[in-house]
Amino acid sequence: MTDPTPDAWRAVDRYFAETLVGHDPALESAVAAQSAAELPAIEVAPVNGKLLHLLAHIAGARRVLEIGTLGAYSTIWLARALPADGIVVTIEAEPRTAAVARENVDRAGVGDRVDIRLGRGEHVLPTLEGEEPFDLVFIDADKESNTIYLDWAARLGHPGTVVVVDNVGRGGDVADPHATRSDVVGTQRGLEMLGSDPRFDATALQTLDAKGWDGVAIAVVVRCGPATEA
Ligand code: DHB
Ligand code: MG
């Protein structure tokens, strides 16, 4: 067996990406446009984008909610998994970032399946109440608000809604019980909620991919609506 050195796991990620994801001009231009706009290169790794795509497909999702659009890399992956009448509602706080995302989804040919809502998640999410429930929710914004976003995922979902939370490994820091960094603590509170809130059934996997050492939590909503007293 090869030792899991950084060179070795990067080689495995490249092998998986080349073998199973392949060359994808639309996604590569989205990343290039994001970089040209000087947005941070923190979109999900190709194998992770493909995971989101497959989960949406497996779930038979028609309505997807994404919290944190950035350059729409994951948005494009999700939109491609939807039927012609499907929609990704994606929330982005920064107008300049949303403009880059709009161009990217249009260039990728999925613009008719993407609805970008401008504003902070905590302000936009309550405005979605009363719409048809979402079949999949992808949480990938400020980690400090993960518990707020998870609460809304349960309120805006239905039993069976798939919930995915990005970046739950944080380079290993998530396992530190003395963590003080707000993003790490926010991630821990989100995972604790997934483990204890009766509205969710969840697990998490570590990831070693083009974006380094991190993780992804995957949950299903088993009971929707607001939290109830135990
Ligand atoms: C950060 C945020 C992300 O969503 C991500 O995938 C990687 C890094 C960050 O805020 O540093
Ligand atoms: Mg992320």
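For the structure itself, look to the data block above.
Digging into the site of ligand 1
Next up, step 1: Close to ligand 1 lie I42, D140, K143, D166, N167 and R170, which account for all nearby residues.
Next up, step 2: Measuring from an oxygen atom of ligand 1, one finds a side-chain N or O atom of D166 at 3.1 Å.
Next up, step 3: Taking 290 Å² as the accessible area of ligand 1 by itself, protein coverage stands at 63%.
Next up, step 4: Applying the majority rule of atoms within 2 Å of the grid points places ligand 1 in the largest pocket.

A few points about the pattern of salt bridges
Next up, step 1: In this structure the tally under the stated criterion is 20 salt bridges.
Next up, step 2: Of the charged contacts in the structure, one is a salt bridge between E43 and K211, with a shortest N-O distance of 3.1 Å. You can see E43 sitting in the loop between α2 (25–36) and α3 (46–59) and its partner K211 sitting in the loop between β6 (200–209) and β7 (212–221), a full 168 residues away along the chain.
Next up, step 3: The partner of R199 in a salt bridge is D151, and the shortest N-O contact between them spans 2.9 Å. With R199 in the loop between α8 (182–196) and β6 and D151 in helix α7 (residues 146–156), this residue pair connects regions lying 48 residues apart in the sequence.

Describing the coordination of the magnesium ion (ligand 2)
Next up, step 1: The magnesium ion (ligand 2) binds to the protein through D140 (OD), D166 (OD) and N167 (OD1); the donor distances cover 1.9 to 2.2 Å.
Next up, step 2: Taken in chain order, the donor set of the magnesium ion (ligand 2) reads D-x25-D-N. Here D166 lies in strand β5 (residues 162–166) and D140 lies in the loop between β4 (136–139) and α7, a separation of 26 residues in the sequence. As far as the burial class goes, D140 and D166 line up, both buried.

Quick word on the nonpolar core
Next up, step 1: The biggest cluster of nonpolar side chains holds 30 residues, and the ones touching the most others in it are V64, I76, L78, V110, L136, F138 and V164.
Next up, step 2: Counting only elements with at least two residues in this core, the list comes to α2, α3, α4 (73–79), α5 (95–107), β3 (114–118), β4 and β5.
Next up, step 3: At 5 residues, α4 tops the list of elements feeding residues into this core.
Next up, step 4: Grouped together as the second largest cluster of nonpolar side chains are 26 residues, L125, F200, A217 and A219 included.

Looking at the layout of surface pockets
Next up, step 1: As a volume, the largest pocket reaches approximately 680 Å³.
Next up, step 2: Residue lining of the largest pocket: 39 residues in total, with I42, L70, D140, A141 and K143 positioned closest to the centre.
Next up, step 3: Elements with a minimum of two residues in the lining of the largest pocket: α4, β2 (87–92), β6 and β7.
Next up, step 4: Per-element accounting of the lining of the largest pocket gives the leading share, 4 residues, to β7.
Next up, step 5: Among the residues making up the lining of the largest pocket, the classes are represented as 14 nonpolar, 13 polar and 12 charged.

So, the sheet that holds β2
Next up, step 1: A sheet is described by the order of its strands in space; here 7 strands give the open sequence β3-β2-β1-β4-β5-β7-β6, paired in mixed fashion. Either end of the sheet is taken by a strand with one partner, and the two such strands are β3 and β6. Strand-to-strand twist in this sheet, taken as the mean axis angle between neighbours without regard to direction, amounts to 15°.
Next up, step 2: One ladder, built from 5 bridges, connects β2 with β3; its direction is parallel.

Some words on unusual backbone geometry
Next up, step 1: Of note, E38 is a non-glycine position whose phi angle comes to about 60°, a positive value.
Next up, step 2: Its place among the elements puts E38 in the loop between α2 and α3.
Next up, step 3: Even without being glycine, A72 reaches a positive phi, approximately 75°.
Next up, step 4: With respect to the helices, strands and loops of the structure, A72 is situated in the loop between β1 (63–67) and α4.
Next up, step 5: The class for A72 is buried, based on a relative accessible area of 0%.

Here is what the cut-offs are and how they apply
- For every chain, the first residue of the written sequence is number 1, and numbering continues from 1 onward in sequence order.
- All chains are assigned letters beginning with A, and all ligands numbers beginning with 1, in the order in which they are written.
- Thresholds applied to this predicted model are a pLDDT of at least 70 for local features of residues and 80 or more for the giving and counting of side-chain atom pairs; totals over whole chains, interfaces and linings are not thresholded and use all residues.
- Side-chain figures throughout are based on the complete set of non-hydrogen atoms in the structure, without hydrogens or water.
- When we say a residue is near a molecule or strand, we mean one of its heavy atoms is within 4 Å of it.
- Under this definition, polar contacts are N or O atom pairs within 3.5 Å; protein pairs additionally need one hydrogen-donor-capable and one acceptor-capable atom, and for neighbouring residues in sequence, both atoms have to be side-chain atoms.
- In these tables, accessible area is a Shrake-Rupley quantity obtained with a 1.4 Å probe, and a residue counts as shielded only by the protein chains included in the view.
- The distinction between a cavity and a pocket rests on a 1 Å grid over the protein atoms alone: a 1.4 Å probe fits inside a cavity but cannot get out, while a pocket stays open yet meets protein on both sides within 12 Å along at least five of seven lines, and a residue with an atom within 4 Å of a point counts as lining.
- Cavities and pockets are treated as containing a molecule whenever more than half of the molecule's atoms lie within 2 Å of their grid points.
- Whenever a carboxyl oxygen of Asp or Glu lies within 4 Å of a side-chain nitrogen of Lys or Arg, that contact is scored as a salt bridge.
- Every helix listed is a DSSP run of H or I at least four residues long, and every strand listed is a run of E at least two residues long, numbered separately from the N terminus.
- Atoms of type N, O and S within 2.8 Å of a metal are treated as its donors, and for Na, K and Ca the window is 3.2 Å; water is not considered, so some sites may appear to be missing partners.
- Any residue under 20% of the maximum accessible area for its type is buried, any over 50% is exposed, and the rest in between are partly exposed; the area is computed with a 1.4 Å probe on protein chains only.
- Grouping buried Ala, Val, Leu, Ile, Met, Phe, Trp, Tyr and Cys residues that are joined through side-chain atoms within 4.5 Å yields what is termed a nonpolar core.
- Grid points are joined across faces, edges and corners, and a volume is the space filled by probe spheres set on the points.
- Lys, Arg, Asp and Glu make up the charged group, whereas Ala, Val, Leu, Ile, Met, Phe, Trp, Tyr, Cys and Pro make up the nonpolar group; the residues left over, Gly among them, are polar.
- Think of it this way: DSSP has to see at least two bridges between two strands before they count as a pair.
- With axes taken as lines fitted to C-alpha atoms, and helix axes fitted only over the stretch in contact, angles between N-to-C directions fall between 0 and 180 degrees.

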